[in-house]
Number of protein chains: 2
Amino acid sequence: MEYTVQKLAQLAGVSSRTLRYYDEIGILKPARINSSGYRIYGQKEVDRLQQILFYRELGVNLETIKDIMTSPSYDGANALKEHREQLLEKRKQLDLLISNVEKTIASTEGRIDMSNKEKFEGFKKKMVEENEQKYGKEIREKYGEETVNKSNAKLLNMSEEDYKAVTQLEARLWETLAEAFKIGDPASETAQKAADLHKQWLTYYWAEYSKEAHAGLAQMYVDDERFTAYYDKEQPGTAEFLRDAIHIYTGQK
Amino acid sequence: MEYTVQKLAQLAGVSSRTLRYYDEIGILKPARINSSGYRIYGQKEVDRLQQILFYRELGVNLETIKDIMTSPSYDGANALKEHREQLLEKRKQLDLLISNVEKTIASTEGRIDMSNKEKFEGFKKKMVEENEQKYGKEIREKYGEETVNKSNAKLLNMSEEDYKAVTQLEARLWETLAEAFKIGDPASETAQKAADLHKQWLTYYWAEYSKEAHAGLAQMYVDDERFTAYYDKEQPGTAEFLRDAIHIYTGQK
DNA sequence: GATACACCTTTACGTCGCGTGAAGGTCAAT
DNA sequence: ATTGACCTTCACGCGACGTAAAGGTGTATC
């Protein structure tokens, strides 16, 4: 079965403009162009569009969708399983919102008390996800598409549980780093502990860890003002110190 | 408890830019501006922001949110009840998508057959809603904010069931209209039946029906080329015929 | 073959809801 | 006074299309 633009648009519930745009940006090319110059889509494109719409529904931007789906490691069957997991996550968030609105109703009726913080339960999760997407972009600019495609795919799998774990890792990293800085030796046991915590933190963002990449990222913390500022905010010199500790940890120095 | 921009932004999980933008477009004004020119938000604004975020979560554009919330008939407690209903609807749609992805997985594993149409179940609903929002805008341009605010509020309450009913009404309207046109008399029983069906169709979009508004809309069908084209697509002259039938129905002629 | 209508193409400008940054002011702790 | 966090306004840019113009194609009907 073949489809021209409007036929496929109607089938999928998108606009023909969307399909032309997707062709233009290379995310969904037609199977062929007929003698009149018309786009002709086939079964493969139907299935691909479905996947795109799932990613879109999950809030993934088109550039990232394209990266993921053009990666050699992309596997349609696995992607579907991931979509399912993400959709279940999304439903959890929606359940949070439903619970929130029900509590708010009870609160306005004077049945319960509700803090201002609770009033935004379920909305906040979104912001966290957006920040994580943004951070992924920073890494891309430094390390290229291949690494980041993988990390984005992994990123989308991060559960609430993982997120908590990451947050805790980060907190421990800061503590350990501050302590190690006081000791003053990037080779100390404490500093090496910090480097290890940093590695563990990274494994939540990187699908594959390598010492080279770790060392390179540490160098970036010192070379890039924004990262330096971030790490030095509590104690100037922290970015350099962490870079040194990581270089020792990874055997680059 | 009072909040400056960042405090409220953090509480709610939005950006400070968002809050400034909301002030700028008049959707969420601060309680006051302090002597330094800083925006200061209070409890009322916290609650209002929560409502805005619920509407936003439900896909309502900011202009419409503003209209709804500034309408004299706006009632925060009722809005919360509506949010709840809409969120439950949204969950139904999400369940459709989850069901879809599960079926697609089963299909790729060869366990079931799945049509291309089924592959887009759950995505299509969205497009319908978007079209309805757009249509609401058409009416606004002709009838002003007051009527449309109410119709938008009603629009958001439209359930799947209502939607089906509307679709069926529309189908019957077209049938009856075609039949009445053949008879050729806008005063005929059939034509009056069509006008009545049209009224019933309208009650899904208008919170309040009036004969004047109905007659005015019918005139608009003839005056505005786009509506005329829509009604004349199967039989030229249909827009005028329907206008006449409605004028008789509403006693305007 | 001509006509009408629905659909196709490309090009191009615009919209919405912010994100980002610049330039400069304010607050609070040291 | 200094520093760092936060505030303001202004302004440009972005992603994902929506809309329209100008012109070509397919199909049914006369």
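No experiment lies behind these values; they were computed from the predicted model shown.

J.: Looking at this structure, how should I read the protein's contact with DNA strand C?
T.: Lining the immediate environment of DNA strand C, one finds 19 residues, of which Gln6 and Arg39 of chain A together with Ser15, Tyr22 and Ser36 of chain B sit closest. Counting only the atoms of DNA strand C within 4 Å of the protein, the fraction contributed by sugar and phosphate is 78%. Taking Arg20 of chain A, its side chain carries an N or O atom lying 2.9 Å from a phosphate oxygen of DNA strand C. Interatomic distance of 2.9 Å between a backbone N/O atom of Leu62 of chain B and a phosphate oxygen of DNA strand C. Sort the elements by how many residues they give to the surface near DNA strand C and helix α2 (residues 16–24) of chain B lands first, with four residues.

J.: I tried to follow the protein's contact with DNA strand D on my own but got confused; where do I start?
T.: All names here are of chain A. The immediate surroundings of DNA strand D are formed by 19 residues, with Ser15, Tyr22, Ser36, Tyr38 and Leu62 found nearest. A share of 75% is what sugar and phosphate atoms reach among the atoms of DNA strand D within 4 Å of the protein. A distance of 2.5 Å separates a phosphate oxygen of DNA strand D from a polar side-chain atom of Ser15. Here a base nitrogen of DNA strand D sits 2.8 Å away from a polar atom, N or O, in the side chain of Tyr38.

J.: Please clarify how helix α4 (residues 62–70) of chain A should be interpreted in this entry.
T.: Along an α-helix, residues three or four positions apart point the same way, because every turn accommodates 3.6 residues. Among all positions of α4 of chain A, only Thr64, Ile65, Asp67, Ile68 and Met69 of chain A are buried. Backbone nitrogen of Glu63 of chain A and a side-chain oxygen of the N-cap are separated by 3.3 Å at the start of α4 of chain A; the cap is Asn61 of chain A.

J.: Before we go on, may I ask you to explain the packing of aromatic side chains in this structure?
T.: What characterises a pair of aromatic rings is the spacing of the ring centres plus the angle enclosed by the ring planes. In this structure the tally under the stated criterion is six aromatic pairs over all chains. Note on Phe123 of chain A and Phe54 of chain B: the rings are 5.0 Å apart at their centroids and 65 degrees apart in plane angle, and the pair reads as edge-to-face. Taken together, the residues Phe123 of chain A in the loop between α5 (76–108) and α6 (124–143) and Phe54 of chain B in helix α3 (residues 43–57) connect one chain to another. The exposure classification of Phe123 of chain A matches that of Phe54 of chain B, with both residues buried. A centroid spacing of 5.5 Å and a plane angle of 65 degrees characterise the contact between Phe181 of chain B and Phe241 of chain B, whose relative ring orientation is edge-to-face. Here Phe181 of chain B is found in helix α8 (residues 160–183), whereas its partner Phe241 of chain B is found in helix α12 (residues 238–249), with 60 residues between them in sequence. For Phe241 of chain B, a relative accessible area of 7% puts it in the buried group.

J.: Hey, could you run me through the confidence of the model for chain A in this one?
T.: The predicted coordinates of low-pLDDT regions are not to be read in fine detail. All names here are of chain A. With 72% of its residues at a pLDDT of 70 or more, chain A has an overall mean of 76. Across chain A, element-level confidence peaks in strand β2 (residues 39–40) with a mean pLDDT of 94 and bottoms out in helix α7 (residues 145–155) with 38. Here residues 125–161 is a poorly scored stretch, pLDDT under 50, and it has 60 contacts once near neighbours within four places are set aside; other chains count.

J.: Explain the environment of Met114 of chain B here, please?
T.: Residues and elements named next belong to chain B. Following the sequence through the fold, Met114 ends up in the loop between α5 (76–108) and α6 (124–143). Met114 sits in the buried class, given a relative accessible area of 13%. Considered as a pair, Met114 and Thr104 are ten residues apart in the sequence and their alpha carbons are 7.2 Å apart. Filtering out sequence-adjacent residues up to four positions away, Met114 remains in contact with Asn100, Lys103, Thr104, Ser107 and Lys119.

What counts as what
- Residues numbered from 1 in each chain as written.
- Chains lettered and ligands numbered in written order.
- Predicted model: local features only at pLDDT ≥ 70, side-chain atom pairs only at ≥ 80, totals over all residues.
- Heavy atoms only, no water.
- Near = heavy atom within 4 Å.
- Polar contact = N/O pair within 3.5 Å; in protein donor to acceptor, adjacent residues only side chain to side chain.
- Helix = DSSP H or I, 4+ residues; strand = E, 2+ residues; numbered from the N terminus.
- Buried < 20%, exposed > 50% of the residue type's maximum accessible area, 1.4 Å probe, protein only.
- Phe/Tyr/Trp six-rings, centres within 6.5 Å; stacked < 30°, edge-to-face > 60°.
- pLDDT = per-residue confidence, 0-100.
- Contact = heavy atoms within 4.5 Å.

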